[in-house]
Amino acid sequence: MSQPVVYVKSKENIVQRYEGNPIITKEDIPAAAKGVYNSGCIKTTEGKYVMLCRVETPSMKQLIWPADSDDGINFTPRPEPIKMPDTDDFKEYTAGMYYDPRVTLIEGTYYVVFACHSGHSCRLGLMESPDMKEFKWKGFITETDNRNGVLFPEKINGLYARLDRPNTGDGAGYMWVSYSPDLIHWGQSSAVAMTQDEWGWKKNGPGAVPIKTDKGWLVIYHAVNVQCAAQYVYHLGVMLLDLKDPSKVIARAKAPILSPVKEYELHGLTYAVVFTCGAVLEDDGEVKIYYGGADTVQCLATAKLDDLVDACFNR
Ligand code: BMA
């Protein structure tokens, strides 16, 4: 390790797990399922919460299944998942594997970015919705070997902006930012945040939609450390990116804000995973962090926005 580990007492327990976790399980879905996890979530302009559940079927295909809530805690899945296009192109590049949806409201329209997995590896797809009821497929927005795409909630310097996590040659994987005039064609890409010595050794991927603060864009992300027997452990962390140039990291917490310790985070279809695809900032400064536990159940935790920002500065 090239840098000393920094211990940050003040960050302990800034994230509180919801005592009723998990908030959605496979039993809640009106279809056979192996798990519900890594779901995106947004509070609509009407003040309702819509979760886009990642549902894994018994044949290990994935569905994106909307669920509604008035309080952001108790969700009712709709009768059907989102209908995906029945085209050769969509089937070729998804093979029934589309997952980890992140939903962003930009200028009155909802956009959903999600991973599309096939024999061509993973790329990102885009849907749009006027109301979180009807969803329209827009197309693939990356070439292969990219994942964890999430759109910023506003244009930056006149362009749409996206964080994602391309695979790097050594398999480490870290966050990049790209820009687009139309959400379909992307470029001006640059690296944002590399892996780190303390705990985010591998796979540093953006999680929830970035939250705008006066200190910068707050990004809740995931990263992996590796235990013996090559066991990956997924944690959540926070960092702040420059408001005008999000390739610049302003501050980054040196310890995770959430690590898998609960039974429902440790044991499931995958061992030891907490993984977020959505967070909602409430008017009182509370952030609801929606996260998947052990690739099996959907969970909720809360934190104060100010504490998350403070955590980035390790104070
Ligand atoms: C990542 C993604 C996530 C998953 C995580 C842990 O690569 O596929 O959907 O939660 O691995 O298995």
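Residues numbered from 1 in each chain as written. Predicted model: local features only at pLDDT ≥ 70, side-chain atom pairs only at ≥ 80, totals over all residues. Heavy atoms only, no water.

Asks: Explain the overall build of the protein residue by residue, including any values.
Replies: Looking only at helices and strands, the protein features three helices and 21 strands. For a compact globule of 315 residues, the expected C-alpha radius of gyration is about 20 Å, and the protein comes in at 18 Å, within 12% of that figure. Dimensions of the protein along its principal axes, counting C-alpha atoms only, are 50 × 45 × 40 Å. Taking all 315 residues of the protein together, 56% fall into the buried category. Summed over its atoms, the accessible surface of the protein is roughly 13300 Å², and 49% of this surface lies on carbon and sulfur atoms. For the protein, the separation between the mean place of its 33 positive charges and that of its 40 negative charges on side chains is 3 Å. (Helix = DSSP H or I, 4+ residues; strand = E, 2+ residues; numbered from the N terminus. Rg over C-alpha atoms; globule rule 2.2 N^0.38 Å. Buried < 20%, exposed > 50% of the residue type's maximum accessible area, 1.4 Å probe, protein only. Areas by Shrake-Rupley, 256 points an atom, 1.4 Å probe, with all protein chains shown as cover. Lys, Arg positive; Asp, Glu negative; His and termini not counted. Charge placed at Lys NZ, Arg CZ, Asp CG, Glu CD.)

Asks: Summarise helix H3 (residues 305–312); cite the residues concerned and give the values.
Replies: Note that an α-helix has 3.6 residues per turn; residues three or four places apart therefore point the same way. When we look at burial in H3, the residues that qualify are Leu305, Leu308, Val309, Ala311 and Cys312. Buried positions in H3, seen along its axis, are confined to an arc of 155 degrees and lie on one side of it. Positive backbone phi, at 55 degrees, marks Asn314, one or two positions downstream of H3. (Arc of directions from axis to C-beta.)

Asks: Help me get a handle on the nonpolar core, residues and values and all.
Replies: Residues Met51, Leu52, Phe75 and Tyr290 are the most contacted members of the largest nonpolar core, which totals 34 residues. Contributions of two or more residues to this core are made by strand E2 (35–43), strand E3 (49–56), strand E4 (62–69), strand E6 (97–106) and strand E7 (109–118). Looking at this core, the element that brings in the most residues is E3, giving six residues. Apart from the residues within four sequence positions on either side, Leu52 is in contact with Ser39, Gly40, Ile64, Trp65, Pro66, Ile82, Pro101, Val103, Val112, Met132 and Phe135. In this structure, Leu240, Val287, Ala301 and Leu305 belong to the second largest nonpolar core, which totals 28 residues. (Core = buried A, V, L, I, M, F, W, Y, C linked by side-chain atoms within 4.5 Å. Contact = heavy atoms within 4.5 Å.)

Asks: Report on the sheet that holds strand E8 (residues 121–129), specifying residues and quantitative values.
Replies: Reading across the sheet, the four strands line up as E6-E7-E8-E9 and stay open at both edges, with antiparallel pairing between neighbours. Two strands bound the open sheet, and with one partner strand each, they are E6 and strand E9 (136–140). The mean inter-strand angle of the sheet, taken between neighbouring strand axes irrespective of direction, is 25 degrees. (Pairing = 2+ DSSP bridges. Axes fitted to C-alpha atoms, helices over the stretch in contact; angles between N-to-C directions.)

Asks: Just give me the short version of the site of the ligand, but keep the residues and values in it.
Replies: Taken together, Asn38, Arg54, Tyr99, Asp100, Arg147, Tyr234, Thr270, Val273, Phe275 and Asp295 make up the full set of residues adjacent to the ligand. Asp100 is positioned such that a nitrogen or oxygen atom in its side chain is 2.7 Å from an oxygen atom of the ligand. Here an oxygen atom of the ligand and a side-chain polar atom of Tyr234 are 3.1 Å apart. Considered on its own, the ligand offers 310 Å² of accessible surface; in the complex 83% of this is hidden by protein. Along the lines of polarity and charge, the residues of the shell around the ligand split into four nonpolar, two polar and four charged. (Near = heavy atom within 4 Å. Polar contact = N/O pair within 3.5 Å; in protein donor to acceptor, adjacent residues only side chain to side chain. Nonpolar A, V, L, I, M, F, W, Y, C, P; charged D, E, K, R; others polar.)

Asks: I'd like a rundown of the environment of Arg78, residues and numbers included.
Replies: Turning to its location among the elements, Arg78 is positioned in the loop between strand E5 (76–77) and helix H1 (88–94). Between the alpha carbons of Arg78 and Trp65 there is a distance of 7.2 Å; along the sequence they are 13 residues apart. If we ignore the near neighbours within four places in the chain, the residues touching Arg78 are Pro30, Val50, Trp65, Pro66, Ala67, Asp68, Met132, Lys133 and Phe135.

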